Amino acid sequence: MRKIFTFLFALVCVGTYLHYVQGWDWARARRDPAVTHFFPEDASATTTPIGERGTGTHWETVAPMPFPRAEFGAAVLGNTIYVVGGIDGFFRTLSSAMAYDIGADAWRSIPRLPQAVHHPAVVSDGKKIYVIGGLTGLASRHIDDVYAYDPEKDAWEQLGRLNDFRGAAAAAALDGTVYVMGGVTTAGADDAIEYFDPARGGWNGLKSMPTQRAYLAAAAAGGKIFALGGRRGSVAKSLGASEAYDPKRQAWETAPDMAFPRSGHAAAALGGAAYVLGGESKQGNVAEIEVLDAKKMSWSTLALPMLSARHGHAAVAWKNRIYAIGGGRRPGFSVSDLNEVLIIAE
């Protein structure tokens, strides 16, 4: 009897893992498609040539990542999106990095990051890709390492370390300067903001954010750096708080809160506005997309939600598009290889 009970318990554990993490749909006895199609009548297609479908602001699907991942970072440089680190479906912290050629709609591998990391802050200054801090391993050990990838050299280099060990922070670049803010340190959710000083190869602290938080998002728009959402503690304590740092005045100002508190979300700047996509809250994954007008300091909500609501994903803006990549389709731990693009009507 004990052997039968042990077997059944193991079977339930495996089934739970396959369903909630790997995405198996037991009703159809197969794994969920790698891509959720906007046009069900063409479910056999895995990509949609940009511009061939839909009018106005709409979603399209493009080539999925070669491997599912969540809690990674991404940034765009030129016509290429770079994806770094994260966690795979077997709870492994990743050092692998991928490059997505937007024009070719194709992925390729680039050299691995020297340090396996999840929840890093990733950003581009227009010349290099920066991977800042993060967590590593099942114990989510905080790190202060900073790396830069040079596409011309196709190589990583280590830069000056952060002033503290931090993960689940957010980064943005403005006028060629890289900023990182918030995150979780050994003391908990943090309010620090630092910028990279190339002259001395290190990080300088600035006036702290008004709100301590981790698992936030950041975007640079209208000459300011915006810290958006996040949480202190559990997902149930997700925030709608939005604050803007003005580098010229070296001061913070408070913006209106988001209508949908969230953490583990992503943000991208486009056309003088910050777009906030996905994340999770105590109600589950958030599908709504909120837009902050940097000049008016006011929020609006797009009528069109995310095609696939996710958290732990990345959002990258390129021309009139925002790419929503990877992340978990279910609350808690899950991964995906999704690559969906929101086309903003001009």
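Attention here is on the structure that accompanies the text. Since this is a predicted model, take the numbers as computed values, not measurements. (Residues numbered from 1 in each chain as written. Predicted model: local features only at pLDDT ≥ 70, side-chain atom pairs only at ≥ 80, totals over all residues. Heavy atoms only, no water.)

It is worth spelling out the overall build of the protein at this point. Secondary structure assignment for the protein yields one helix and 30 strands. Of all 346 residues assigned to the protein, the portion counted as buried reaches 55%. Intrachain contacts of the protein at a sequence separation of at least 6 include 50% that bridge at least 24 residues. (Helix = DSSP H or I, 4+ residues; strand = E, 2+ residues; numbered from the N terminus. Buried < 20%, exposed > 50% of the residue type's maximum accessible area, 1.4 Å probe, protein only. Contact = heavy atoms within 4.5 Å.)

Now for unusual backbone geometry. Even without glycine at this site, His 119 takes up a positive phi of about 55°. Of note, His 119 is situated in the loop between strand S7 (106-110) and strand S8 (121-124). In this structure His 119 comes out as buried when scored by relative accessible area, which is 15%. Although it is not a glycine, Asp 154 sits at a positive phi angle of roughly 55°. Relative to the helices and strands, Asp 154 resides in the loop between strand S10 (141-150) and strand S11 (155-158). Owing to a relative accessible area of 39%, Asp 154 belongs among the partly exposed residues under this scheme.

This next bit is on the sheet that holds S7. Taken in spatial order, the four strands line up as S4-S5-S6-S7 in an open sheet, and their pairing is antiparallel. On the outer flanks of this sheet lie strand S4 (73-77) and S7, each paired with one strand and no other. For this sheet the average axis-to-axis angle between neighbouring strands, irrespective of direction, equals 25°. Both strand S6 (residues 97-101) and S7 contribute to a ladder of five bridges, which runs antiparallel. Across the sheet, residue Ala 97 finds its bridge partner in S7, namely Ile 110. (Pairing = 2+ DSSP bridges. Axes fitted to C-alpha atoms, helices over the stretch in contact; angles between N-to-C directions.)

Quick look at the packing of aromatic side chains now. In this description, a pair of aromatic rings is defined by centroid distance and the angle of the planes. One pass over the full model with this rule turns up 10 aromatic pairs. Where Phe 91 meets Phe 333, the ring centres are 4.5 Å apart and the plane angle is 25°; that geometry is what we call stacked. Here the residue Phe 91 occupies a position in the loop between strand S5 (80-84) and S6, and Phe 333 occupies one in the loop between strand S29 (321-325) and strand S30 (339-343), the gap between them amounting to 242 residues. For Arg 231, the ring lying beneath its charged end belongs to Tyr 215, and the centroid distance is 3.9 Å. (Phe/Tyr/Trp six-rings, centres within 6.5 Å; stacked < 30°, edge-to-face > 60°. Lys NZ or Arg CZ within 6 Å of the ring centre and 35° of its normal.)

We now examine the nonpolar core. Core analysis: the biggest nonpolar cluster contains 18 residues, and Ile 81, Tyr 100, Trp 107, Tyr 323 and Ile 325 have the highest contact counts within it. Of the residues forming this core, the biggest block, three residues, is contributed by strand S28 (residues 314-318). (Core = buried A, V, L, I, M, F, W, Y, C linked by side-chain atoms within 4.5 Å.)

This part covers the environment of Ser 140. Within the fold, Ser 140 resides in the loop between strand S9 (129-136) and S10. Take Ser 140: its relative accessible area is 26%, and that puts it in the partly exposed class. Remark: the alpha-carbon pair of Ser 140 and His 118, spanning 22 residues in sequence, is separated by 8.2 Å. Setting aside its immediate chain neighbours within four residues, Ser 140 contacts His 118 and Leu 135.

With respect to the element layout, Ile 110 can be found in strand S7. Residue Ile 110 is classed as buried on the basis of its relative accessible area of 8%. The spatial distance from the C-alpha of Ile 110 to the C-alpha of Asp 154 is 7.3 Å, given a sequence separation of 44 residues.

The next point concerns the sheet that holds strand S16 (residues 193-197). Across the sheet, which stays open at both edges, the four strands sit in the order S12-S13-S16-S17 with antiparallel pairing between neighbours. With one partner strand each, in any of the chains shown, strand S12 (170-174) and strand S17 (202-205) form the two edges of the open sheet. This sheet shows a mean twist of 30° between the axes of neighbouring strands, independent of strand direction. Where S12 meets strand S13 (residues 177-181), five bridges bridge the pair, whose relative direction is antiparallel. Counted as the bridge partner of Ala 172 is Tyr 179 from S13.

Our focus in this paragraph is the side chain of Asp 144. Here Asp 144 shows up in strand S10. Within the structure, Asp 144 has its side chain in polar contact with the side chain of Arg 161 (distance 2.9 Å). Excluding its chain neighbours within four sequence positions, the residues that come into contact with Asp 144 are Arg 161, Leu 162, Asp 164 and Phe 165. (Polar contact = N/O pair within 3.5 Å; in protein donor to acceptor, adjacent residues only side chain to side chain.)

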